[in-house]
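Summary of structural features
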Amino acid sequence: MSGLGTALGLLYATLIVFHTNTNGLQFAPTPSTQIDTSTCGVSKGCFQVPAGCSFTNCDYLLTYQANGNNIVFELSSKVTSGTTEPYVAVGFSSDTKMGDDSVIGCLYVASSGQMNVYQSYNLGHTNIPITNTAFGLSSVEGGVKDGRITCRFSRQKTVVPHDPQVFDLTKPFYLMIARGAQSGGHLAMHSTSAGQLPVVSSEKIDLTALSKTGRSSGVSSEKLMKRAHAICMIIAWMLPAGLGIIIARYYKHSLNRQCLRRKLWFNLHRVCMVTVLCLTIVGIVTIVIAVGGFEMDEELPGRAHPILGIIVAILCILNPIMAQFRPHPDDERRPIFNWSHRIVGFTAHVFSMAAMLTGIQMGDFEIPNWTWMFVAVYIAVHFSAAIFLHVSKRIDEKNGNRRRRVSKEYSHDFVPLTEMNESIAGGVDDDAESEKRHRKIFDFSFDFIRQTLLLVYAIFVSALTLVLASYIAQG
């Protein structure tokens, strides 16, 4: 009887510390011991961020060690500032992008002081729990201490019965680690603050081997090519494209002096558009090399971005070809060319904005999600400037017409004053004063304001483009 009581007591104690529910494996808090990084690459594999870091100064740390039919994981990260219920999660992916990934997360529940370890799946950019969140998991422990969340657990290499959302860990995968705050017992959006973004290994990792790698160990050539593609396209379509369109549309009269046997506005427009064409071609070549051809995701924004990019590239190449066949300015077909050239350029610019927005949100770069706002600000600035320039141009044109009409109305064949009496002479003087007053009303011009706006636009958009490109380069 005493033996039965002892057994029941042990069973009860075990259930208190370690039990399974619909939220995965849940365990009582235990003192968080440090993860030993001195044996990385010797008795266990490690993924350290930054590379070579120790437990206390790692932003992210994952160790893995094969143990029979299981792999023992140790996972740790700094807790995001201001987070009371943090999580850290590791994802196993066949590529470097979020989507179709098997995920294991460690979630701290402040209200109960407990930690949950459960499995989920990234369906596109949405994380969803699997049917049995504890499937294949065992031997869990962990806690939150000194601003770090740490957990240990074992997962079967191959789960039986097979679940397509729980990957076979005998195969190599890219490792993704993210942190953030949980929501309702589930993984919420990961942190997007600077220095707290998710990290991805630069290569696929064999979890059964004693490898040692880190985020700073290098950037894959594919990622470098994707960065080059993004930077080329952002510079091309945010800076010279906008400038070239605005100069050709609104500065033909302001910049009409001769320069290199052509009018200045035309030379500036041509330089801008040739720059756009060259950068676009370089951008196309780099992305084709990076993905090995044409690649389109199943979901937005990855599905829309390549389609938008192809449209932009076709229109970008088409417009300079059209320009080579433009009719003479006096040709009756010239207005048709002008409108066609304008529509193609405007359409390409609009589609490029959509391509930039979708490209930034694809998740190929480790940059804050809010960086799409750089493009949004550019769109607002560009179209605000275009609206002001359009309205001011129309006002100046109307004032010019009115000045010409006033000059016509007050034109006289004056008779010498010696042949006129004083009353007639007085009438002529009154007409002259009236003409001067009317002319003065319509003499105001927006020309100086427009030229100042062009300079401000160029400086502001250059700064905006440079900042966004630098984020991409570092991502």
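Residues numbered from 1 in each chain as written. Predicted model: local features only at pLDDT ≥ 70, side-chain atom pairs only at ≥ 80, totals over all residues. Heavy atoms only, no water.

Scanning the protein chain for helices and strands turns up nine helices and 17 strands. Evaluated residue by residue, the protein chain yields a buried proportion of 43% over its 475 residues. Taking the contacts inside the protein chain whose residues are at least 6 apart along the sequence as the reference set, 67% of them involve residues at least 24 apart. In the structure as shown, the protein chain presents an accessible area of about 24700 Å², 61% of it carried by carbon and sulfur atoms. (Helix = DSSP H or I, 4+ residues; strand = E, 2+ residues; numbered from the N terminus. Buried < 20%, exposed > 50% of the residue type's maximum accessible area, 1.4 Å probe, protein only. Contact = heavy atoms within 4.5 Å. Areas by Shrake-Rupley, 256 points an atom, 1.4 Å probe, with all protein chains shown as cover.)

Time to look at the state of the cysteines. The tally for this structure, following the rule as stated, stands at three disulfides. Across the disulfide, Cys40 is cross-linked to Cys46 (sulfur-sulfur distance 2.0 Å). Every disulfide takes its handedness from the sign of the S-S torsion; for Cys40 and Cys46 that torsion is -80 degrees, giving left-handed. A single burial state applies to Cys40 and to Cys46, both of which are buried. Shown here is the disulfide that connects Cys106 with Cys151, its sulfur atoms set 1.8 Å apart. The S-S bond linking Cys106 to Cys151 shows a torsion near 65 degrees; that makes this disulfide right-handed. With Cys106 in strand E7 (residues 101-109) and Cys151 in strand E11 (residues 148-156), this pair connects stretches of sequence that are 45 residues apart. (Disulfide = S-S within 2.5 Å.)

Here the amide bond leading from Val49 into Pro50 is cis, since omega sits at 0 degrees, within 30 degrees of zero. Examined against the element boundaries, Pro50 turns out to sit in the loop between strand E3 (45-49) and strand E4 (60-67). Backbone geometry places Asp146, a non-glycine residue, at a positive phi of 55 degrees. Tracing the backbone through its elements, the reader meets Asp146 in the loop between strand E10 (137-145) and E11. In this structure, Leu260 takes a positive phi of about 55 degrees despite not being glycine. Following the sequence through the fold, Leu260 ends up in the loop between strand E16 (258-259) and strand E17 (262-263).

As a further point, take the nonpolar core. Formed by 41 residues in total, the largest nonpolar core has its most connected members in Trp237 and Tyr251. Mapped by element, the contributors of at least two residues to this core are helix H2 (221-238), helix H3 (240-250), helix H4 (264-291), helix H5 (304-323), helix H6 (334-360), helix H7 (372-409) and helix H9 (447-474). With near-sequence residues (within four places) excluded, Trp237 lies in contact with Val276, Thr280, Val312, Cys316, Ala348, His349, Ser352, Met356 and Tyr378. Counting residues in each nonpolar core, the second largest holds 34 residues, with Phe47, Phe135, Phe167 and Leu207 among its members. (Core = buried A, V, L, I, M, F, W, Y, C linked by side-chain atoms within 4.5 Å.)

Let us now look at the packing of aromatic side chains. Two measures describe an aromatic ring pair: the distance that separates the ring centres and the angle between the ring planes. In the structure shown here, the tally under the stated rule is 11 aromatic pairs. A centroid spacing of 6.1 Å and a plane angle of 85 degrees characterise the contact between Phe388 and Phe446, whose relative ring orientation is edge-to-face. Taken as a pair, Phe388 in helix H7 and Phe446 in the loop between helix H8 (422-441) and H9 lie far apart in primary sequence, 58 residues in all. Joined through ring pairs, the aromatic side chains of Phe73, Phe92, Tyr121, Phe153, Phe167 and Phe173 make up one cluster. Its end group placed over the ring of Tyr60, Arg179 keeps NZ or CZ at 5.1 Å from the ring centre. (Phe/Tyr/Trp six-rings, centres within 6.5 Å; stacked < 30°, edge-to-face > 60°. Lys NZ or Arg CZ within 6 Å of the ring centre and 35° of its normal.)

Now for H3. A large share of H3 lies buried, amounting to nine of its 11 residues. Looking only at H3, the buried set comprises Pro240, Ala241, Gly242, Leu243, Gly244, Ile246, Ile247, Ala248 and Tyr250.

The subject of this paragraph is a positive patch on the surface. Side chains of Arg261, Arg262, Arg270 and Arg326 sit close together on the surface and give a patch of like positive charge. Here Arg261 lies in the loop between E16 and E17. (Patch = residues over 30% accessible without salt bridge, like charges linked within 9 Å, V, L, I, M, F, W, Y side chains within 5 Å. Salt bridge = Lys/Arg side-chain N within 4 Å of Asp/Glu carboxyl O. Lys, Arg positive; Asp, Glu negative; His and termini not counted. Charge placed at Lys NZ, Arg CZ, Asp CG, Glu CD.)

Counting buried positions over the five residues of E3 gives five, a clear majority of the element. Of the two faces of E3, the one carrying Gly45, Phe47 and Val49 and the one carrying Cys46 and Gln48 are both buried. Across five bridges, E3 lies against E4 in antiparallel orientation. When the bridges of E4 are listed, Gln48 appears paired with Leu61. (Pairing = 2+ DSSP bridges.)

It is worth spelling out the packing of H2 against H4 at this point. For the pair H2 and H4, interaxial distance at closest approach is 8 Å and the crossing angle is 160 degrees. When the axes of H2 and H4 are compared, the pair comes out roughly antiparallel. Crossing handedness for the pair H2 and H4: left-handed. Along the contact surface, H2 presents Glu222, Met225, Lys226, Ala228, His229, Cys232, Met233, Ile235, Ala236 and Trp237, while H4 presents Val276, Leu279, Thr280, Val282, Gly283, Ile284, Thr286, Ile287, Ile289, Ala290 and Val291. Split into classes, the residues belonging to the contact of H2 with H4 amount to 15 nonpolar, four polar and two charged. (Axes fitted to C-alpha atoms, helices over the stretch in contact; angles between N-to-C directions. Parallel < 35°, antiparallel > 145°, perpendicular 65-115°, else oblique. Left-handed = near helix turned anticlockwise from the far one by under 90°. Nonpolar A, V, L, I, M, F, W, Y, C, P; charged D, E, K, R; others polar.)

The subject of this paragraph is the layout of surface pockets. One number sums up the size of the second largest pocket: a volume of about 760 Å³. If you go around the second largest pocket, you meet 36 residues; those closest to its centre are Met98, His125, Met189, His190 and Pro198. (1 Å grid on protein atoms, 1.4 Å probe; cavity = no way out; pocket = protein on both sides within 12 Å on 5 of 7 lines; lining within 4 Å. Points joined across faces, edges and corners; volume = space filled by probe spheres on them.)

Turning to the pattern of salt bridges, a few remarks are in order. The full count for this structure, using the stated rule, is eight salt bridges. We note a salt bridge from Asp396 to Arg450, for which the minimum N-O separation is 2.9 Å. Of this pair, Asp396 sits in helix H7 while Arg450 sits in helix H9, and the two are 54 residues apart along the sequence. Given a relative accessible area of 7%, Arg450 falls into the buried group. The closest approach of N and O atoms between Arg450 and Asp447, which form a salt bridge, is 3.9 Å. In this pair, Arg450 and Asp447 are both assigned in helix H9, three residues apart and thus about one turn of the helix distant. For Asp447, a relative accessible area of 25% gives the class partly exposed. Through salt bridges with shared partners, one network takes in Lys44, Glu74, Glu141 and Arg152.

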